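Residues per chain are reported as follows:
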Amino acid sequence: MGKAADLSEFDRGLIVMALRLGTSITETARLVGCSRSAIVSIHAKWINDGDTSCRHQGVGRSRVIKEKGRRRLSRLVKQNRRQTVAQLTAQYNAGLIVSVSEHTVQRTLLDMGLCSRRPTRVSLLTKRHRQLRLQWVREHRDWTMDEWKRVVWSDESRFFIHHVDGRDRVCRLPGEQLLPSCTAGHTQAGGGGIMLWGTFSWAALGPVVVEEQTRKAANYLNIIADQLHPYMAFVFPTGNGIFQQDNAPCHKARIVLVWFEEHTDEFHLLSWPLNSPDINPMEHIWDVMER
């Protein structure tokens, strides 16, 4: 059986995704072809460090940036987490007799766990939003595992080819993602990329569709009729499936809701609170795909 150190980055990401989707350690080990201890080790690293990379501690020359320099570098990062490595290096070298390179600063930041990550997207909730979310939780808190296994989750996400989406990067430690300096609201994005619609359930991954046209009700109706309908019939042939979608305008259009009403004998819609992407497990799929 393979060891943790022998696994590729793809396999490590697959392990994290499988465990987060509820797959057992034994089944995940069989799927990837490694030992159970390797699964436990990689998942623990993900929980503690926020990544799954395998970096072995070398025995080469001593560190260029000593402990005092690390503390100074940490202070510079916290002053402005959106600085680039080049900007941090320039600030760090200011007043020093012997300067350090950008590569040294970047390597030190990685060693300190201060990886460059996108700011955490935090939903801006009004009082009405909070009330609806609380109501939704109370309505579904007694659902059994079998009931949740019947839900088909869906979502849309834009992927940028060259990461020119207007969103910054921040340097942060694992566990700091919700600090005000590490979060960002929804921003207007631009640049070369594609919009994807996808779905999955406990039973199987569903189709992923490239949305080539604007997000209008007629276009969305084509997707659910051509892609969702056969998937629901395949996964839930007895008609007991439940479909989840958010409250985007094209999802709540009259022609779309009428289509769902015409197919209530095949599956049902799951009620969904406003402005709640953070409770949709589809977000974890998008995160794995992007990385």
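All of these numbers come straight from a predicted model, not from anything done at the bench.

J.: Honestly, the side chain of Thr 28 in this entry has me stumped. Any pointers?
T.: Relative to the helices and strands, Thr 28 resides in helix 2 (residues 25–32). Of the residues examined, Thr 28 reaches a relative accessible area of 0% and is grouped as buried. Not counting the four nearest positions on each side in its chain, Thr 28 is found in contact with Ile 15, Ala 18, Leu 19, Thr 23 and Ile 39.

J.: Please clarify how the pattern of salt bridges should be interpreted in this entry.
T.: Where charged atoms from two side chains of opposite charge approach closely, those side chains can pair. Using the criterion set out here, one finds three salt bridges in the structure. A salt bridge links Asp 111 to Arg 70, with the nearest nitrogen and oxygen atoms 2.4 Å apart. In this pair, Asp 111 is assigned in helix 6 (residues 102–111) and Arg 70 in helix 4 (residues 67–79), connecting sequence segments 41 residues apart. Residue Asp 111 is classed as partly exposed on the basis of its relative accessible area, which comes to 41%.

J.: When you look at the side chain of Thr 199 in this model, what are you seeing that I'm missing?
T.: Take Thr 199: it is sitting in strand 6 (residues 193–201). Relative accessible area serves as the criterion here: at 2%, Thr 199 is assigned to the buried category. If near-sequence neighbours (up to four positions away) are discounted, Thr 199 is found in contact with Val 152, Trp 153, Ser 154, Leu 205, Gly 206, Pro 207, Tyr 231, Phe 243 and Met 282.

J.: Please clarify how the sheet that holds strand 8 (residues 241–243) should be interpreted in this entry.
T.: The strands making up a sheet associate through backbone hydrogen bonding, with each pair oriented either parallel or antiparallel. Read across the sheet, five strands follow the order 7-6-3-8-9 without closing on themselves; strand pairing throughout is mixed. Taken across any chain shown, the strands that pair with only one partner, and hence form the sheet edges, are strand 7 (205–210) and strand 9 (267–269). On average, adjacent strands in this sheet sit at an angle of 25° to one another, irrespective of strand direction. When strand 3 (residues 151–160) meets strand 8, the two strands line up parallel, connected through two bridges. Counterpart to Val 152 in the pairing with strand 8 is Phe 243. Sheet strands in contact with helix 9 (residues 217–235) are strand 3, strand 6, strand 7, strand 8 and strand 9, and its direction is about 30° off that of strand 6. Across the sheet, helix 11 (residues 282–290) is in contact with strand 3 and strand 6; its angle to strand 3 comes to roughly 35°.

J.: I tried to follow the environment of Leu 109 on my own but got confused; where do I start?
T.: Turning to its location among the elements, Leu 109 is positioned in helix 6. With relative accessibility at 3%, the residue Leu 109 sits in the buried group. Through-space distance from the C-alpha of Leu 109 to that of Val 77 is 9.4 Å; in sequence the pair is 32 residues apart.

J.: Explain the pairing of strand 3 to me, please; I cannot follow it from the model alone.
T.: If a strand is regular, its side chains alternate between the two faces of the sheet. Most of strand 3 is tucked away, with nine of its ten residues classed as buried. One ladder, built from nine bridges, connects strand 3 with strand 6; its direction is antiparallel. When the bridges of strand 6 are listed, Asp 155 appears paired with Gly 198.

Reading guide: rules and limits
For every chain, the first residue of the written sequence is number 1, and numbering continues from 1 along that sequence. Local features in this predicted model are restricted to residues of pLDDT 70 or higher, and side-chain atom pairs are both shown and tallied only at a pLDDT of 80 or more, whereas totals for entire chains, interfaces and linings draw on every residue. Excluded from the side-chain calculations are hydrogens and water; all other atoms, namely the structure's heavy atoms, are used. Comment: elements are numbered from the N terminus, with helices defined as DSSP H or I runs of at least four residues and strands as E runs of at least two. Only protein chains enter the accessibility calculation, which uses a 1.4 Å probe; a residue whose area is less than 20% of its type maximum is buried, one above 50% is exposed, and one in between is partly exposed. Contacts between residues were defined by any pair of non-hydrogen atoms, one from each residue, lying within 4.5 Å. Salt bridges are identified by distance alone: a Lys or Arg side-chain nitrogen within 4 Å of an Asp or Glu carboxyl oxygen. When DSSP locates at least two bridges between a pair of strands, those strands are taken to pair. A fitted line through C-alpha atoms serves as each axis, taken over the contacting stretch for helices, and the angle formed by two N-to-C directions is quoted from 0 to 180°.

Don't take any of this as a statement about function, it's just geometry.
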